[in-house]
Amino acid sequence: MAVTPPAYDLAIRTDEQRIRKALAGAARTPFWLEDPGRPAPQPALNGSTDADLLVVGGGYCGLWTALIAKESDPALDVVLVEGNEIAWAASGRNGGFVEASLTHGTENGRRHFADELPILDALAAENFAGFEAALTRHGIDAEFQKEGVLAVATEPHQVDELREAITDGTTFYERDELATLVKSPLYRAGLMQHEGAALVHPAKLAWGLKAACLRLGVRIFENTPVTDIKDQGATVRAATWAGSVRAGKVALATNGFPSLLKRNRLLTVPVYDYVLMTEPLTDEQVAAIGWTKRFGISDTSRQFHYYRMTSDNRILWGGYDVVYHKGGAIRPEHDQNPETFTRLADHFLRTFPQLGDVRFSHAWGGMIDMCTQLAAFQGRAMGGKVAYSSGFTGLGVAATRYGATVMLDLLDGRDTVRTRVKMAKKKPLPVPPEPVLYPAVQVIRNAIARSDRNGGRDGFILKAANAFGFSFDS
């Protein structure tokens, strides 16, 4: 009996000339950041200033922290400093998937927080509702669309996995039924998640949060990297390139960049994710794939793809490769990876052969703050004057808002459900330092690839890694 190769078998590739043509001329900048509504950066901090609350980092987590703090207490003097320009990093490079989960999915939640999963699911739903309400309250036009996210099976064993995941908030589609939503010869079944899933324009979300913060009186300084923080008794002093900020409380929202707390520097590792964006599809091309509604899609492999349609009928196609660059350096040149772009283009054309003449207008990458538990962690330092939240591992568009609320609870010393759960206390397993880390990551990546080829079964390496709490994913 002939064995059908995996849908994305690396031994099979679309015609090389076709791939090269599709990628020719693609801009190497994030599509989202080319929006004409991109605001000018706020001036850098030059000199010293005081604040009640200092927020370090102008990504989603930092922006939510500043906004929620100022909403809660309008008299609070809040300063936010960003080392570059707001939305330049992960907040302006991601796929714009807004998923309620705080635990990076149910399976990962059971692995690390099984006893508290119902509580965390309730907190996730509350946070998602708060996310949506804030966009409405502040008039943030982030192109928020709540059409759901479709998980598709591209391998036989994944069909049963999707059946097992059916809940009251989902709809299961057999192969023929699925074709009424979107058409691909690789699809075997699908499961639509209706609740707790949406799409946004990621950069517009960041810019909208920034504008809301400014309207409420948050002082924002861009191009102002913080180089060090020091405990000064009643306050904390943060040094910048051209000045300093002294604050009674500090929230660290620095994503995967090296933590300002030495104790946390081995709790996250910067990995790179890459995406392609097509040119706008014609009406005929949209009709050929039948994808007329604005829901996101992801396949259910361990090395998975995620993709969505934009407001002007482009398809964003990303995922599969998660790349750790030796030494963990975060460099502009790592935003480009021709080998991964070629692989992504190949997989796109296999998924939608109807779009054989498609061209990609943009190809870019960006850094993700991965931790070994694949879900964010929070904590306090310097006698409770400093709080931190990090490790969102690629599922942070909504979860960063939750991380912000936990940090504010911790800084105010509040006893809440958020501060009592294990997630607010448990730290992920530290990653090993170099030179051990790079080969360890490669071993686990290869084991994940083998799992996808072998019907999703975990081999010895993945079982051992999971037993020790060391996971690698996007």
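Residues numbered from 1 in each chain as written. Predicted model: local features only at pLDDT ≥ 70, side-chain atom pairs only at ≥ 80, totals over all residues. Heavy atoms only, no water.

Colleague: How would you explain the sheet that holds strand S14 (residues 305–309) if you had to name every residue and give the values?
Modeller: Pairing in this open sheet of eight strands is mixed, and the strands run S5-S6-S4-S13-S14-S15-S12-S16 from one edge to the other. Each edge of the open sheet is held by one strand with a lone partner, namely strand S5 (170–174) and strand S16 (360–370). Strand after strand, the sheet turns through a mean of 20 degrees between neighbouring axes, direction not considered. Relative to strand S15 (residues 315–323), S14 runs antiparallel, the two being bridged by five bridges. Bridge pairing links Tyr306 to Gly318 in S15. (Pairing = 2+ DSSP bridges. Helix = DSSP H or I, 4+ residues; strand = E, 2+ residues; numbered from the N terminus. Axes fitted to C-alpha atoms, helices over the stretch in contact; angles between N-to-C directions.)

Colleague: Explain the environment of Phe392 residue by residue, including any values.
Modeller: Within the secondary structure, Phe392 is located in the loop between strand S18 (386–390) and helix H10 (399–412). You can call Phe392 buried: its relative accessible area is 8%. Considered as a pair, Phe392 and Ala251 are 141 residues apart in the sequence and their alpha carbons are 16 Å apart. Contact partners of Phe392, with chain neighbours within four places excluded, come to Cys61, His104, Asp369, Leu374, Ala376, Ala399, Thr400 and Gly403. (Buried < 20%, exposed > 50% of the residue type's maximum accessible area, 1.4 Å probe, protein only. Contact = heavy atoms within 4.5 Å.)

Colleague: Which residues make up the state of the cysteines, and what are the values?
Modeller: Applying the stated criterion to the full structure yields zero disulfides. Note on Cys61: no disulfide assigned, nearest cysteine sulfur contributed by Cys213 at a separation of 12 Å. Cys371 forms no disulfide, and the closest cysteine sulfur to it belongs to Cys61, at a distance of 13 Å. Since its relative accessible area comes to 0%, Cys371 is described here as buried. (Disulfide = S-S within 2.5 Å.)

Colleague: Quick one: what's the story with the pattern of salt bridges, residue by residue and with numbers?
Modeller: As enumerated under the stated definition, the model contains 23 salt bridges in all. Of the charged contacts, one joins Asp50 and Arg246 as a salt bridge, the two residues approaching to 2.9 Å between their closest N and O atoms. One end of the pair, Asp50, is in strand S1 (residues 47–56); the other, Arg246, is in strand S11 (residues 243–252), with 196 residues separating them in the sequence. Residue Asp50 is classed as partly exposed on the basis of its relative accessible area of 40%. The residue Lys230 makes a salt bridge to Asp228 at a minimum N-O spacing of 2.5 Å. Looking at Asp228, the relative accessible area reads 28%, which means it is partly exposed. (Salt bridge = Lys/Arg side-chain N within 4 Å of Asp/Glu carboxyl O.)

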